[in-house]
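Spelled out, the chains give:
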Amino acid sequence: MDELNDQIEQRIKKLDRLRSLGIDPFGGKFNVKDSAPDVIARYTQATKEALASTPVLVTLAGRVTALRRFGKAAFASIQDGPASIQVYLKKDVLGEPGFALAELLDIADWIGVSGPLFRTKTNELTIEVQQLTLLCKALRPLPEKWHGLTDIEMRYRHRYVDLIANPEVKNIFLLRSRIIQTIRAFLAARGFLEVETPMMQPIPGGATARPFVTHHNSLGIDLYLRVAPELYLKRLIVGGLNRVFEINRNFRNEGISTIHNPEFTMLEFYMAYADYHDLIELTEELITALVKEVHGQGTEAIPYRPSLTDDRTLTISFTRPWKRMTYRDAVREHLGAKPQEITDPAFALAQAKQHHCELKGGESYWQLLSLLFEELVEPTLINPTFITDFPVELSPLAKRNAADPELTDRFELFIAGREIANAFSELNDPLDQRKRFEAQVAERAKGDLEAQHLDEDFLRALEHGMPPTAGEGIGIDRLVMLLTNQPSIRDVILFPQLRPEK
RNA sequence: GAGCCGCUAGCUCAGUAGGUAGAGCAUCGCCCUUUUAAGGCGAGGGCCCUGGGUUCGAGUCCCAGGCGGCUCACCA
């Protein structure tokens, strides 16, 4: 043990005292018959008199989170899952040996109790413990009861303590789990098959991002942690799995911030015979279902506070249908420009300069528009908005628009000024796909480390024929942030990436 | 990567002007059989993030570093 403070020392001493009483401080199986949440739910209405006349015996277990001693009796709160219940430890009832154990209890210990329910003078539902079992002695104390654990670094590094001390933290992760379960059920109900594709890929593809590199010893090759599952999921569509989805981690070797963790959870799903219009409908339905799952069935709007330092809270309305706008029109509207102006590259350049976009020189028309979009439009997209018709230049895997070959059949969904979903009709022309890869390879050669690689096997798969397919990706962490009103991604990831302790 | 802020007991925090390091909770001892931030009396507990410097003297001032947070930039 690295540090031996008096708190730990005292608890270690108690191990011997327990053993001399014949008690194993790190006991074995305990036959749990009830749970605190369940008992509280079932007997919340039971009166003092009812409990006295028809005794209800319960047996449950949990962690001691508070202890109030009175010499020959004590009250303890024990935490069992999402609920906490009070137990009463009384010498008369427990007897000598049982009470000797009670006297050696500390906050943080795990105990099993059984006995009848009763109500105290203050009417609190309480277990009068007849049988007390030590399940596990804790050697470290819990944080202070009133403030809990507030040091942010400690909360992330010692998440196990955070989860014990801060009930609202536990609740976020319960919600996260429910959100993911709801997504699974939603997709399964529509005939989507959940699959798992490689996390370690010889060629990282499916997104423009810098990958992590690792090495396989016996193969003697470098492998990349995936930046996206996209190219593998589309191979499955080629293989005839018409509707597939994957919820799993992506890894991107980029900065860390309140909205970026090096590994993050992504939902991607692909639907044969559909196009991006179908996914707009599906996305509205899915996210509406999630809003209702988290906030209640009647919910039309939710609050969201995007920044820790700014106490401004947004109200986001999910009333359908959500706004739809083309990429170019969104920029045009914000500039108050005329249709003939917005297509003019010189106009775009002038506007980019005027709005202080960071220009490296030599930007294409669509790159300029992209800068203007990010600078001007994105932050204003508070209520859910589908932005459609992205330029082909910025969409190397999306199908060309039939009417305008410069554009693709693609949308991104923005909520609270952030991209929540990205979807398109998938490019299934292997010859066009090859050209797009080649353009990306040329970008790489020019030094763009995020540009994509040419994946010969993926092209071969497309050459076997991929039916018209629509595909979408939704970043789960940011979605959970939005639905649970958390300004930092670290508050929706159990173990966010931190520098190691010294 | 840059700027700003933080780091003191197990936890939450004070620490005046540079002069022997404090409180509450927790811990230990005593009292206490319906408390719920229980109460009363008493006690112990410190690498003040690390390393330099200034000074008779540094938790405090200066420099460098570590870790964290936020903001900005890139990405989802």
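Heads up: these notes are all about the structure in this document. In this text the structure is predicted, and so the values were computed from the model without any measurement.

So, on to the overall build of chain A. Helix and strand counts for chain A stand at 16 helices and 19 strands. Considered along the principal axes of its C-alpha atoms, chain A spans approximately 90 × 55 × 45 Å. Within the span of chain A, comprising 502 residues, buried residues form 49% of the whole. For chain A, the share of sequence-separated contacts (at least 6 apart) that also reach a separation of at least 24 residues comes to 66%. Carbon together with sulfur atoms contributes 52% to the accessible area of chain A, which is approximately 24,800 Å² in total. Side-chain charges of chain A comprise 60 positive and 70 negative groups, with the mean position of each set lying 6 Å from the other.

Grouped together as the largest cluster of nonpolar side chains are 48 residues, with contacts concentrated most on Ile183, Leu267, Phe269, Ile316 and Phe318. The dominant element in this core, judged by the number of residues it contributes, is helix α9 (residues 276-295), at nine residues. Ignoring any residue separated from it by four or fewer positions in sequence, one finds leucine 267 in contact with Ile183, Leu187, Phe245, Glu246, Ile247, Leu286, Glu472, Gly473, Ile474 and Ile476. Listed in part, the 32 residues of the second largest apolar core include Val39, Ala46, Ile85 and Ile111.

Attention shifts here to the sheet that holds strand β10 (residues 221-225). Strand order in the open sheet made by the three strands is β8-β10-β9, with antiparallel pairing throughout. Two strands lie at the open edges of the sheet, namely β8 (200-201) and β9 (213-216), each paired on one side alone. Across two bridges, β8 lies against β10 in antiparallel orientation. Bridging from a neighbouring strand, methionine 200 pairs with leucine 225 of β10.

In this section: the side chain of glutamate 284. Here glutamate 284 lies in helix α9. Glutamate 284 gets classed as buried once you look at its relative accessible area, which sits at 2%. Here the side chain of glutamate 284 touches arginine 324 through a polar contact of 2.4 Å, side chain to side chain. What glutamate 284 contacts, discounting residues up to four positions off in sequence, is Arg320, Pro321, Trp322, Arg324 and Phe386.

About the criteria used
- Residues numbered from 1 in each chain as written.
- Chains lettered and ligands numbered in written order.
- Predicted model: local features only at pLDDT ≥ 70, side-chain atom pairs only at ≥ 80, totals over all residues.
- Heavy atoms only, no water.
- Helix = DSSP H or I, 4+ residues; strand = E, 2+ residues; numbered from the N terminus.
- Buried < 20%, exposed > 50% of the residue type's maximum accessible area, 1.4 Å probe, protein only.
- Contact = heavy atoms within 4.5 Å.
- Areas by Shrake-Rupley, 256 points an atom, 1.4 Å probe, with all protein chains shown as cover.
- Lys, Arg positive; Asp, Glu negative; His and termini not counted.
- Charge placed at Lys NZ, Arg CZ, Asp CG, Glu CD.
- Core = buried A, V, L, I, M, F, W, Y, C linked by side-chain atoms within 4.5 Å.
- Pairing = 2+ DSSP bridges.
- Polar contact = N/O pair within 3.5 Å; in protein donor to acceptor, adjacent residues only side chain to side chain.

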